[in-house]
Structures are given as C-alpha cells and as structure tokens.
Amino acid sequence: MKKIILLFTFSILFIHCKPAIEKEKNIGLIAQKAMVVSAREEASKIGVSILKKGGNAFDAMVATELALAVAYPYAGNIGGGGFMVYRKNNGEIGAIDYREKAPLAATKNMFLDENENVIPNKSTLGAMAVGIPGTIAGVFEVHQKFGTIPMEEILKPIIELAQKGVVVTYKQEKRLKNYQNDFLKVNQDSILFNKNWKENDTIKYNALAETFKRIQRNGKDEFYKGETAKRLVKFMQDNGGIITLEDLAKYEPKWRNPVTFSYDDLKIISMSPPSSGGVCLAQIMNAIEPFDLHKFGHNSVKSIQVITEAERRAYADRSYFLGDPDFVTIPQKELISKEYSQKRMANFSFEKATLSSEVAHGEINIIESDETTHYSIVDQFGNAVSATTTINGGYGSKLYCSDLGFFLNNEMDDFSSKPGVPNMFGLIGAKANEIAPEKRMLSSMTPTIVEKGGELFMVVGTPGGSTIITSVLQTILNVHEYKMSMNEAVNASRFHHQWLPDNIKLEPSGFSEETKEKLKKIGYNIDETNAPVIGKVAAILVLKDKTLEGGADKRGDDAAAGF
C-alpha cells in the first residue's frame, strides 16, 4: 500500500512540475562540423561539397554565390553585386563590397524628364537601369585573398549544374508567371524564361555554362576585359544602355571595415556603407537595448512599439546621411553611438505612436529589395561568412542576355533619382545618395555575424529590400531575447516600419486581432496588404555543444546542408 501511495504522490509532483519544463523547440538541421544555408538546396549542397573537399568558408562562398546564379536566377547572379562580412577562426573580421557602380556616362538627372519629374520605369526596367556588375570581381577577390582550392575546381560543379539543369519549384513557377509581361516588354527577342515553365520541369542553362567555362579558362579578366566583356557591352548598347568596356575594365571591389557594436553581451559585426545595414541595425539595437523586450514578450504590443519607434528614427536618418563613403562624409561614429540613439528615443511614449511627419533626421553637424538573396556559411575550421547578393528587383532589370545566359541588375534605382521621391521599395533618398559616375548606390543589405563571449554565435542575413535590416534584427532578437531555436527564429512572423510610408507592415495571419486593435488604438497604421513576405532569412546558430543549427526560411525554397 505504501508503494502505491508513494507512486501516486510522485505522479502528482511530476504533473505539478511539468509546466516549468521548457517546451520542446522546433529545431532546424543540425550539423557537427560545417554548414551552408542558402535560397536553393542545389547551391547549399555545392557549397558543402567544396567544404568536404577540404575547402574553407571562402571557397564555399565562391561556390555558393555562383551556384545561386544558376539555381536562383530571380536574385542569384553574375550580373549584379553584393556584400560579404567574414569572421576567421582567430577572431579576425572584415568585409568586402562588390556592389555595382554607376557607369562613367551616368548623370545626376538621368532619370528625370525636362520638367525634372522622374520618368516611370526608366531606373527599373531595361538597359539604362543597369549598374556595372561586381559579382565576378568580388568572388575572385575573396578567392585570391583567402581561397585554398583552385578556382577551376570550384567552377566544375557550377558548370555541371548549369548543363544538367535545375528543377523548377512551385514558388519559382509562380514567380516566372508573374514576370512574363515585363520579360516581353524589355527584351527584343523571346528569352529562355518566356516558355510556360511548370513545377518539376528542368531548365538547362547552356549559355551560362559556356560563360562559366570561359571564366574558368581566363579568370576574372574574361568578364571585365575579355570576349564575355565585349559581348556584354555590345548587348547593352544594342539595347540602349550606356555601359562601356572602360566601365567594366575599371571596376574593382573594395575591402571595408565592418560596423561593430554591442548589444547586451553580444558583439554584432555587420556591413558598412555603402550598405545602410550595419549603421541602421546599430541605431535600432542601441535604441531598444534599455527596454526589457524579454519581459514584454515576443511580438507583444510593447515589443512592437519599441522596435517600430526605433526603426522609424533609424530609417529617417538613413535617408539623409547615408551613401557611398568614397563620395560623401558619413557621421558613422555619431550615428552608431548609444548616446545618439537614446537621445533620438527621448520623445518616445508607450501612450501613443510618434508620427513620421514629426520625425526628421537627427541633429548631427558634419562638413535601396525583397528580390535579393543571402547565404550563411560556417566551415569545419571555425571560419564564418555572411553574404548578401542581388540584382535588385526580381530578375533585375528583366533584361536577359541570351548569348551569355544571365539577367542584368536594375541597381541604378537604388540611387536617389530625385531627392524626396521614393524608389521601388518606397525608400526616400537625399543628396548623399544622388547619382554620380563610378559611385556605388546605397543598399539595405545587412550580412551579419554575431559573437557571444568572444566566440562565434550566429551568422545571419536575408533578402527583402528595405525590410532586410528589420528581418535581421528580429532574427537576432528572437534567439537572444525570446530564446527561440534558429529554425523558430527564422520562421517567426515579422513586422516592419521604415519611417515613410508611416505604417507598420505585418505579415498576414501572423498577429492576433487583439494585438492589431491595441496598436491601432494608440495611433499606429497597420498594413498587411503589402507585406506577404518580410525577408527570407538564411542563418546558422552555434549551439552550446559547438554543433551548428541551420535556419532555412519557409517563405522561400531555402535549404540548409551540412556535415
């Protein structure tokens, strides 16, 4: 009888203890040594295959970047550019800017008519929208500095993938249908993507395979000075563009110092201008650090308020102060100081929303798409790479060079065509980001690496145009403040505010009616119509036992691979 009573008592105790046990987390792919997370499984696997051959994160960066040019033509590219932030296993950090540049013949008013009004679509569709591509120069520069496997070997699986072809996913089928009219409008002849491609069809990229073979034989110069360069320039000029052989020959990527700052016990390492990502991320995180987000709760009214108000102020500053640091003076030190952000939040109140019309840029005295793509890499040696690459809009300028097998970017739209007039992502620009020959256009790309206790903790980034910064922010907060797994953090519902227009974009079905009503009551405008997808995060978390957890976003066809 005693045994039964004891057993009963133990059972009662166990039941009462159960709520204290943490609910089981939804965990992503776990890898013991190395991992790649990107927008397509094919690219992630090719990146991992290079790591398995003994290559490092930088070799895998080249492989993944170029594999995305084949497997994900929507944003992966050799006709665009990007940014990469790295952290080596000895703690050394750095960044490379292989962002596109304005052609030598570009002018400040090139997208304005005689009345100085912006000409619709001129900066987004067709050859005039194209900036000088930086992707090939960028990956060769990274490989030259840090690579260990011959470039010829890295290019082999890329060429094989292009020749074998890539299977169309359901999401890709829908995307291709959406852009058919633009393809027909911009291209003089029918292109590979005008065919009625269906899910499970295989698209072979033979022209792109031939371009990669020439690059494999002749190196970077093939793209910027060789046969490919000549054919590209002829194509551009036949289509009314202004890019010349001199433009291509003069293009060089730039090594930059990343933006670094602290948040609680984390060290954040992110991209510096001409990306606005690191500066804006620092401003927002500095502004919210004094608030107890963990106590407020994930996506609670108070958390949304604090983050929204910090975003509002950071994006107001972005539009005014940021541009290409080789052309404009940026007060970066002041902008990312904790004192400045806290001063900017001085007029914040939980009682009511601040109006964007009442928020201008901050007082400092001194004399950018959801169609980008991101990948994160951690290798078996402990090196980490966070890289975001883009052709700006979906399929860039929609101009496709059938001869060479790739789309050209429409990055010229990321300049301020006219101060105060929004670009395709609704971002307002100012003089700091006006068009000038050889200038790099402002970006929102935010490739980011996070340290904790001096050790690698997180690699994160996303596409998403103006929502990139806020998606990276929320992913970091989801792990750090709300104790989510990487998989949960990446796939949680997101929101976004960018100063103008003055509304909070909410992913539909991601927020309760009660939360929305409370926000409206205190003066926030809610927009769920233009926010079906906010970011497609690709991230890696280093767990306590030093294994790696991948976060691959369900919003896309993203996939993690590792070993």
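Predicted model, so just to flag it, every value in this text is computed and none were measured.

A word on the side chain of D527
With respect to the element layout, D527 can be found in strand β18 (residues 526-527). The exposure class assigned to D527 is buried, which follows from its relative accessible area of 8%. A distance of 3.2 Å separates the side chain of D527 from the side chain of N530, its partner in a polar contact. Once residues lying within four places of it in the same chain are set aside, the contact partners of D527 are N503, I504, K505 and L506.

Brief notes about the UniProt feature "active site" (unreviewed entry) in the protein
Cross-referencing UniProt, the feature "active site" (unreviewed entry) maps to T372 in the present numbering. Topologically, T372 is positioned in strand β10 (residues 372-378). Among residues more than four places away in sequence, those in contact with T372 are A75, T388, T389, T390, N392, M445, P463, G464 and I468. Here T390 takes part through its side chain, which lies 3.0 Å from a polar atom of the side chain of T372.

A look at the sheet that holds strand β14 (residues 448-452)
What the seven strands build is an open sheet, ordered β1-β20-β19-β15-β14-β9-β8; its pairing is antiparallel. Edge positions in the sheet fall to β1 (30-31) and β8 (259-263), since each of these pairs with one other strand and no more. Here strand β9 (residues 266-270) runs beside β14; their pairing, made up of five bridges, is antiparallel. Bridge pairing links L266 to K452 in β14. In the packing of helix α12 (residues 277-288) onto the sheet, the strands contacted are β8, β9 and β14, and the crossing angle to β8 comes to about 15°. Set on the sheet, helix α17 (residues 468-480) makes contact with β8, β9, β14, β15 (455-460) and β19 (538-542); between it and β15 the angle comes to about 135°.

Considering helix α6 (residues 170-178)
All of the buried residues in α6 are Q172, E173, R175 and L176. The arc that holds every buried residue of α6, seen down its axis, measures 165°, which confines them to one face.

What about the sheet that holds strand β2 (residues 35-38)?
Strand order in the open sheet formed by seven strands is β7-β4-β3-β11-β10-β2-β21, and the pairing between neighbours is antiparallel. If you trace the sheet from one side to the other, it starts and ends with β7 (254-256) and β21 (559-562), each paired once. Strand-to-strand twist of the sheet, defined as the mean angle between neighbouring strand axes without regard to direction, takes the value 15°. Both strand β3 (residues 81-87) and strand β4 (residues 93-98) contribute to a ladder of six bridges, which runs antiparallel. Following the sheet pairing, M84 is matched in β4 by I96. Where helix α2 (residues 41-52) meets the sheet, its contacts fall on β2, β10 and β21, and the angle it forms with β2 comes to roughly 160°.

Looking at the UniProt feature "binding site: L-glutamate" (unreviewed entry) in the protein
In the numbering adopted here, UniProt assigns the feature "binding site: L-glutamate" (unreviewed entry) to R99, T390, I391, N392, D414, S443, S444 and G465. If you trace the backbone, R99 turns up in the loop between β4 and α4 (135-146). In this structure R99 comes out as buried when scored by relative accessible area, which is 0%. The residues touching R99, leaving out its near neighbours within four places in the chain, are G82, F83, Y251, T390, E411, D414, R440, M441, L442, S443 and M445. You can see S444 is positioned in the loop between β13 (406-407) and β14. Among the polar contacts made by the side chain of S444, one reaches the side chain of R318 at a distance of 3.1 Å.

Concerning the environment of G393
On the secondary structure map, G393 appears in the loop between β11 (384-390) and β12 (400-401). On the basis of relative accessibility, which here comes to 0%, the residue G393 falls in the buried class.

Observations regarding the packing of aromatic side chains
Taken as a whole and assessed by the stated rule, the structure comprises 28 aromatic pairs. Pairing Y320 with F321 gives two aromatic rings, centres 4.8 Å apart and planes at 90°, and the pair type is edge-to-face. Judged by its relative accessible area of 40%, Y320 falls in the partly exposed class. Here the aromatic residues Y72, Y74, Y179, F183, F193, Y205, Y395, Y400 and F407 are joined through ring pairs into a cluster of three or more. For R175, the ring lying beneath its charged end belongs to Y74, and the centroid distance is 4.6 Å. Directly above the aromatic system of F457 lies the positively charged group of K452, at a separation of 5.1 Å from the ring centroid.

Some thoughts on the nonpolar core
Ranked by size, the top nonpolar core spans 85 residues in total, and within it M84 and F212 carry the most contacts. It is helix α3 (residues 57-71) that contributes the most residues to this core, twelve residues altogether. Excluding anything up to four places from it in sequence, M84 contacts F58, M61, G94, A95, I96, Y98, V142, M271, V385, S386 and A387. In this structure, A282, V459, M484 and L519 belong to the second largest nonpolar core, which totals 80 residues.

Things to note about the environment of Q188
By the secondary structure assignment, Q188 is in the loop between α7 (180-186) and β6 (202-203). C-alpha separation for the pair Q188 and D238, spaced 50 residues apart in sequence, amounts to 9.8 Å. Once residues lying within four places of it in the same chain are set aside, the contact partners of Q188 are D238 and N239. Of note is the side chain of Q188, whose polar atom sits 3.2 Å from the side chain of N239.

Here is what the cut-offs are and how they apply
Residues numbered from 1 in each chain as written. Predicted model: local features only at pLDDT ≥ 70, side-chain atom pairs only at ≥ 80, totals over all residues. Heavy atoms only, no water. Helix = DSSP H or I, 4+ residues; strand = E, 2+ residues; numbered from the N terminus. Buried < 20%, exposed > 50% of the residue type's maximum accessible area, 1.4 Å probe, protein only. Polar contact = N/O pair within 3.5 Å; in protein donor to acceptor, adjacent residues only side chain to side chain. Contact = heavy atoms within 4.5 Å. UniProt positions renumbered as here; feature names shortened; annotations may be inferred. Pairing = 2+ DSSP bridges. Axes fitted to C-alpha atoms, helices over the stretch in contact; angles between N-to-C directions. Arc of directions from axis to C-beta. Phe/Tyr/Trp six-rings, centres within 6.5 Å; stacked < 30°, edge-to-face > 60°. Lys NZ or Arg CZ within 6 Å of the ring centre and 35° of its normal. Core = buried A, V, L, I, M, F, W, Y, C linked by side-chain atoms within 4.5 Å.

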